[in-house]
Amino acid sequence: MGKAAKVLHGREHRFPAADGYDTKLLQVPYGQAGHKSLRTEENKPHQSLRVQVHQRASQVDKNGKALSELKKYTPMEFYKEYCAEAGDLQNDYIMLMNDPSRPYNKVYEIDMDRHVHEGHNWLYLNLDIKDLAPLAIASLQDSTQMYFSCDVGKFLDSKKGILDIQAWDYNSLLGTTFGMNKKQRIQTRDSGSSHAMTLMAVDLDEKGNPIKWKVENSWGAASGHNGYLIMTNEWFNEYMFRVVVNKKYIPKKILKLTEQKPIQLPAWDPMFMGEE
């Protein structure tokens, strides 16, 4: 395996409780009044949270129990201590998409798809895979992991932690062929971005071309290979959809493309379906 990213790698974040969190089931009337009561009563931001952060090798006992201290943070305190090294999350990063069903080198905006109500809609630059992959590689070679989304259920061996389009021989089993390319699979909604993970490493050949990639999943250590998945580069090209990359790894000619006026897409666009 090639260089693995180190930023926050080797730390485990546990959120066993958050003050004021209420899981009770509410019965509310339909319509605007019911929606408003649900928003105001149950979706209040947490004022503080209790967190354990520990080194997996040195601060976990033989049963996997954390030995580090349980500390209390406000959200901003936690951000400043553990996330500030990542830079300005509002302005230093760009979402890059590989969606061959739409023109490349264009900026797209998803209407009403945002992290917070007061924030901006999701924006992304659509790139050919041959232009996108080198940017992810540059980030990983500088030990910087990144947000990554894909169609994780395709050709997945969840027990071994492998994503490989040669892993399952559907053609021989069913006596037919599946000839759709990535563009056609998107257009027919056979494929789309269904799950987000952390892209953390890449294996390169002697010429610098990617052979396979490694991601850290969120399904626990019992899934995949101790919680990780390895994908072939062929699978990456076919079923990877977007990454979020720091601008410092992006050439000026590509950054220039982000200055164009975004093309707005509807909130129900299949490429931004609900992720797990």
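This write-up is about the structure you can find in this document. Every value quoted in this text rests on a predicted model; they were computed, and no experiment measured them.

Thresholds, definitions, all that
Residues numbered from 1 in each chain as written. Predicted model: local features only at pLDDT ≥ 70, side-chain atom pairs only at ≥ 80, totals over all residues. Heavy atoms only, no water. Helix = DSSP H or I, 4+ residues; strand = E, 2+ residues; numbered from the N terminus. Buried < 20%, exposed > 50% of the residue type's maximum accessible area, 1.4 Å probe, protein only. Contact = heavy atoms within 4.5 Å. Areas by Shrake-Rupley, 256 points an atom, 1.4 Å probe, with all protein chains shown as cover. Expected span 1.5 Å × (residues − 1). Polar contact = N/O pair within 3.5 Å; in protein donor to acceptor, adjacent residues only side chain to side chain. Salt bridge = Lys/Arg side-chain N within 4 Å of Asp/Glu carboxyl O. Pairing = 2+ DSSP bridges. Axes fitted to C-alpha atoms, helices over the stretch in contact; angles between N-to-C directions. Patch = residues over 30% accessible without salt bridge, like charges linked within 9 Å, V, L, I, M, F, W, Y side chains within 5 Å. Core = buried A, V, L, I, M, F, W, Y, C linked by side-chain atoms within 4.5 Å.

With that out of the way, let us pick up the overall build of the protein. When its secondary structure is counted, the protein shows seven helices and 14 strands. Relative to its full complement of 276 residues, the protein shows a buried share of 35%. Long-range contacts, defined as pairs at least 24 residues apart, comprise 70% of the intrachain contacts of the protein with a sequence gap of at least 6. With an accessible surface of roughly 16,900 Å², the protein has 53% of that area assigned to carbon and sulfur atoms.

The end-to-end C-alpha distance of helix α3 (residues 129-141), which contains 13 residues, comes to 18 Å, matching closely the 18 Å that a straight helix rising 1.5 Å per residue would cover. For α3, the set of buried residues is Ile129, Leu132, Ala133, Leu135, Ala136, Ile137, Ser139 and Leu140. Measuring from the side-chain oxygen of the N-cap residue of α3 to the backbone nitrogen of Lys130 gives 3.0 Å; that N-cap residue is Asp128. The positive-phi residue at the C-terminal boundary of α3 is Ser143, with phi of around 60°.

Attention shifts here to the pattern of salt bridges. Scanning the model with the defined rule gives eight salt bridges in all. A salt bridge links Asp99 to Arg102; its shortest N-O distance comes to 3.3 Å. Measuring nitrogen to oxygen at the nearest pair gives 3.1 Å for the salt bridge that ties Lys256 to Glu259. In this structure Lys256 comes out as exposed when scored by relative accessible area, which is 54%.

Take the side chain of Asp151 next. One can find Asp151 in the loop between β7 (146-150) and β8 (156-157). Judged by its relative accessible area of 6%, Asp151 is buried. Within polar-contact distance, the side chain of Asp151 engages the side chain of Lys154 at 2.8 Å. Aside from chain neighbours lying at most four places away, what touches Asp151 is Asp190, Ser191, Gly192, Ser194, Trp235, Tyr239 and Phe241.

Let's shift gears to the sheet that holds strand β12 (residues 228-232). The strand order β8-β9-β12-β11-β10-β7-β13-β4-β6-β5-β14 describes an open sheet built from eleven strands, whose pairing is mixed. A strand with exactly one partner marks an edge of an open sheet, and here the two such strands are β8 and β14 (263-265). Bridging between β7 and strand β13 (residues 240-246) involves three bridges; their strand directions are antiparallel. Bridge assignment links Ser149 to a residue of β13, and that residue is Arg242. Taken strand by strand, α3 contacts β4 (93-97), β7, β10 (195-204), β11 (210-216) and β13, and its axis lies near 80° from that of β10.

For the rest of this paragraph, the subject is the pairing of strand β5 (residues 106-110). Of all five residues in β5, four are buried; the element is thus mostly enclosed. Taken together, the three bridges between β5 and β14 define a ladder with parallel strand orientation. Its bridge partner being in β14, Ile110 is matched across the sheet by Leu265.

On to a nonpolar patch on the surface, then. On the surface, Trp168, Tyr170, Leu173, Leu174 and Phe178 cluster together to form a nonpolar patch covering roughly 570 Å² of accessible area. Its place among the elements puts Phe178 in the loop between α4 (170-174) and α5 (182-187).

Moving on: the side chain of Ser191. In this structure, Ser191 sits in the loop between α5 and β10. One polar contact links Ser191 to Asp151, side chain to side chain, over a distance of 2.8 Å. Dropping the residues within four chain positions of it, Ser191 is found in contact with Asp151, Lys154, Arg185, Ile186, Tyr239 and Phe241.

This paragraph deals with the nonpolar core. Ranked by size, the top nonpolar core spans 36 residues in total, and within it Leu96, Phe148, Leu199, Trp213, Phe236 and Val243 carry the most contacts. Of all the elements in the fold, those that place two or more residues in this core are β4, α3, β7, β10, β11, β12, α6 (233-239) and β13. Within the second largest apolar cluster, ten residues are counted, among which are Met95, Met97, Ile110 and Leu265.

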